[in-house]
Amino acid sequence: MDEALLRSLTPGVLGILVRRGADFAAAEDAVQDALVEAVRAWPADPPRDAKGWLVTVAWRKFLDATRADTARRRREDRLDEEPAPGPAPDVDDTLQLYFLCAHPSLTPSSAVALTLRAMGGLTTRQIAQAYLVPEATMAQRISRAKRTVSGVRFDRPGDVATVLRVLYLVFNEGYSGDVDLAVEAIRLTRQLAAVIDHPEVAGLLALMLLHHARRAARTAPDGSLVPLAEQDRGRWDTKMIAEGVGILRTALARDRLGEYQAQAAIAALHADAPTAGETDWAQIVEWYDELAALTDSPVVRLNRAVAVGEARGPRAGLAALAALDEASAGSSGRGHPVPRHAAVAAYLHEHAGDLATAARLYAEAAGKATDLAERDHLTRRAARLNALLRG
Amino acid sequence: MAKYLLLKHYRGAPAAVNDVPMDQWAPEEISAHMQYMRDFAARLEGTGEFVDGQALAPEGTWVRYDGEGRPPVTDGPFAETKDLIAGWMVIDVDSYERAVELAGELSAAPGAGGKPIHEWLELRPFYGVSSPTVTE
């Protein structure tokens, strides 16, 4: 039973049903039913044409459901309306389905859930497990999402940027339950890259591969965070890095830079360095300048301050940080503080030799951390400096 | 997509605006209050935002290790100084603003006289999972 194959066929089958005139929500239900049946029937009796089998079964499920629905309505309204099966042109609807699942009318969490189900072929239970919510909650989230997009016209071109944002959200959820969402996000992004020729799709795929290649080295056996400079580079997946770099090169050569390509370029420079000390920080600063010009994001400028600190020394980094503080105080007053601001300030003060300030800021940063591994890491840093100061 | 814990307190939170102890309410008022909270949970399940919820009994006890071979120390029930949690609900929402909006709605549960109780609810974010960043 090849579950990966089964799941990779999902969007194609769904697309054919929708092309034949099925409503998206009903088609999606029918495809899920067909997948369940395939899991049951295939181990004993594997089909020769897997996709054809799925299309046939899903279409039959759809017709059964529609007939039952129509019969009920006929009883209720004495109306007779049999949906006419439309033509089934031989076009790939995968891209349209991506757009639909990431439709701007959906909330980010609904778009993520719908994408994982309709594009990824995951079951509601698997998605619920991955997001640590009850299955009933996830089922409702998915059916609401389907209702929301059911009136959306299938042929209208969608927004690639929205699709990429949804895929990156999936990727960043990482691993929990029996589905590795990072791997799933990479698979879906590969599939998207196969149906659309777009440098930012390639940029996101490269970025995911470059991050994912370093995952094994990012945490210690006890689950604690290992910072980039201290990671065992022998544990990086060099084959995946090479693939990411290759995809990125091809994308950059087309000279249509976007934020994912710029982020991937930064990740590639980290991945390229044989040791942390040999990292080309000067070039990383240049890429952050490009990224800041594209996004104008305070998070990017904060990361740039780290890179400046490495390239030109901690004092220069602190100056970049001060410039960032001034800009944000001038524009929006005291709004949401940028995540990791205190952590970056602590790091730069530590390297500038002001251990007392660094310890205080690490403790402050730990209090603001939004994830557990990061909080523990920052608390350890603060404790280490405090021990040095006492000693 | 962030999880938040909504905490209801028996004691330890600031006093509710409509601050009448529940045993002084009319029975229908208690039923209306409970129904409101059930409806609230059911609605959040419908929006795909419900994770979990439980009510807790008021008899909380502080417990502490008291050394090798000795039984744990307890403070006994009903210590005057401690906070008491009455129950919790876990929600999974798209934003902090949405979490505040829902906590506000739950705080509007009807109390004595059928008027909103205006109780204070504690809203606490869960720690998430670590996500990669460019600088790591």
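The name an unreviewed UniProt entry gives chain B is YCII-related domain-containing protein, with Streptomyces syringium as the organism. What the UniProt record of chain B gives under Sequence similarities (unreviewed entry) is the line "Belongs to the YciI family."

**Description of the overall build of chain A**
A count of helices and strands for chain A gives 19 helices and two strands. Projected onto its principal axes, the C-alpha positions of chain A cover 85 × 45 × 40 Å. Taken over 391 residues, chain A has a buried fraction of 49%. For chain A, restricting intrachain contacts to residue pairs at least 6 apart in sequence, the fraction spanning at least 24 positions comes to 64%.

**Describing the overall build of chain B**
Helix and strand counts for chain B stand at two helices and six strands. Taken from the N to the C terminus, the helices and strands of chain B come in the order β-α-β-β-β-β-α-β. In chain B, which comprises 136 residues, the proportion classed as buried is 35%. Put simply, of all contacts in chain B between residues at least 6 apart along the chain, 76% involve residues at least 24 apart. Of the roughly 8,000 Å² that chain B leaves accessible, carbon and sulfur atoms contribute 58%.

**Here we look at the pairing of strand S5 (residues 84-93) of chain B**
Two faces make up the sheet, and in a regular strand the side chains alternate between them. Residue and element names in this part refer to chain B. In terms of residue burial, S5 counts as a mostly covered element, since eight of its 10 residues are buried. Alignment of strand S2 (residues 50-55) against S5, held across five bridges, turns out to be antiparallel. Counterpart to Gln-54 in the pairing with S5 is Trp-88.

**Focus: unusual backbone geometry**
One non-glycine residue, Asp-255 of chain A, lies in the positive phi region at around 60°. Relative to the helices and strands, Asp-255 of chain A resides in the loop between helix H12 (238-252) and helix H13 (259-272). Of note in the backbone geometry, His-118 of chain B takes a positive phi value of approximately 55° without being a glycine. Assignment of secondary structure puts His-118 of chain B in the loop between helix H2 (96-107) and strand S6 (122-125).

**Points about the interface of chain B and chain A**
Opposite the 23 residues of chain B that make contact, chain A presents 36 residues. Taken together, the connections running from chain B to chain A amount to one salt bridge. Counting across the interface, chain B meets chain A through six residue pairs in polar contact (both at pLDDT 80 or more). Those elements that provide at least two residues to the side of chain B that touches chain A are helix H1 (27-47) and S2 of chain B. The element that contributes the greatest number of residues to the side of chain B that touches chain A is H1 of chain B, accounting for three residues. Its residues assigned to classes, the side of chain B that touches chain A comprises eight nonpolar, eight polar and seven charged.

**Brief notes about the pattern of salt bridges**
Once the charged atoms of two side chains with opposite charge are near each other, the side chains can pair. Residue and element names in this part refer to chain A. Overall, the coordinates contain 32 salt bridges over all chains when judged by the stated rule. Among the salt bridges present, the one from Arg-117 reaches Glu-28, with a minimum N-O distance of 2.7 Å. Remark: Glu-28 occurs in helix H2 (residues 24-41) and Arg-117 occurs in helix H5 (residues 108-119); sequence separation between them is 89 residues. A relative accessible area of 8% places Arg-117 in the buried class. Across the pair Glu-243 and Arg-190 runs a salt bridge, and its minimum N-O distance is 2.6 Å.

**Side note on the packing of aromatic side chains**
All chains considered together, the criterion is met by five aromatic pairs over all chains. Between Trp-59 of chain A and Phe-62 of chain A, the aromatic rings sit 5.1 Å apart at their centres with planes inclined by 35°, giving tilted as the arrangement. On the criterion of helical spacing, the pair formed by Trp-59 of chain A and Phe-62 of chain A is a turn pair, its members being three residues apart in helix H3 (residues 50-77). No difference in accessibility class separates Trp-59 of chain A from Phe-62 of chain A, as the two residues are buried. For the pair Tyr-4 of chain B and Tyr-96 of chain B, a centre-to-centre distance of 6.2 Å together with 50° between the ring planes defines the contact as tilted.

**Regarding the sheet that holds S6 of chain B**
Residues and elements named next belong to chain B. Spatially, the four strands line up as an open sheet ordered S2-S5-S1-S6, and their pairing is antiparallel. Either end of the sheet is taken by a strand with one partner, and the two such strands are S2 and S6. Adjacent strand axes in the sheet meet at a mean angle of 20°, parallel and antiparallel pairs treated alike. Pairing of strand S1 (residues 2-11) with S6 involves four bridges; the strand directions are antiparallel. Of the residues in S6, the one forming a bridge with Leu-7 is Glu-122. Most of the contacts of H1 go to S5, to which it runs at about 25°, and overall it touches S1, S2 and S5. Those strands touched by H2 are S1, S5 and S6, and its axis lies near 140° from that of S5.

**Quick notes on the confidence of the model for chain A**
When pLDDT is low, close inspection of the predicted coordinates is not appropriate. Residues and elements named next belong to chain A. Taken as a whole, chain A shows an average pLDDT of 89; of its residues, 92% reach a score of 70 or greater. Mean pLDDT across the elements of chain A ranges from a minimum in strand S1 (residues 175-176), with 67, to a maximum in H12, with 98. Across residues 79-84, confidence stays below pLDDT 50; counting only partners more than four residues off in sequence or on other chains, it has 10 contacts.

**Examining the packing of H5 of chain A against helix H7 (residues 135-149) of chain A**
All names here are of chain A. Remark: H5 packs on H7, axes separated minimally by 9 Å, with the N-to-C direction vectors making an angle of 95°. The angle between the axes of H5 and H7 places the two elements in the roughly perpendicular class. Residue-level contacts link Ser-109, Ser-110, Ala-113, Leu-114 and Arg-117 of H5 to Met-138, Arg-141, Ile-142, Ala-145, Lys-146 and Val-149 of H7. Looking at the contact of H5 with H7 residue by residue, the classes come out as six nonpolar, two polar and three charged.

**Remarks on H2 of chain B**
Residues and elements named next belong to chain B. For H2, spanning 12 residues, the distance from its first C-alpha to its last is 16 Å, which sits close to the expected 16 Å at 1.5 Å a residue. Buried residues of H2: Arg-98, Ala-99, Leu-102, Ala-103, Leu-106 and Ser-107, and no others. Looking at the buried side of H2, the elements it contacts are S1, H1, S5 and S6.

Definitions and cut-offs
Residues numbered from 1 in each chain as written. Chains lettered and ligands numbered in written order. Predicted model: local features only at pLDDT ≥ 70, side-chain atom pairs only at ≥ 80, totals over all residues. Heavy atoms only, no water. UniProt positions renumbered as here; feature names shortened; annotations may be inferred. Helix = DSSP H or I, 4+ residues; strand = E, 2+ residues; numbered from the N terminus. Buried < 20%, exposed > 50% of the residue type's maximum accessible area, 1.4 Å probe, protein only. Contact = heavy atoms within 4.5 Å. Areas by Shrake-Rupley, 256 points an atom, 1.4 Å probe, with all protein chains shown as cover. Pairing = 2+ DSSP bridges. Salt bridge = Lys/Arg side-chain N within 4 Å of Asp/Glu carboxyl O. Polar contact = N/O pair within 3.5 Å; in protein donor to acceptor, adjacent residues only side chain to side chain. Nonpolar A, V, L, I, M, F, W, Y, C, P; charged D, E, K, R; others polar. Phe/Tyr/Trp six-rings, centres within 6.5 Å; stacked < 30°, edge-to-face > 60°. Axes fitted to C-alpha atoms, helices over the stretch in contact; angles between N-to-C directions. pLDDT = per-residue confidence, 0-100. Parallel < 35°, antiparallel > 145°, perpendicular 65-115°, else oblique. Expected span 1.5 Å × (residues − 1).

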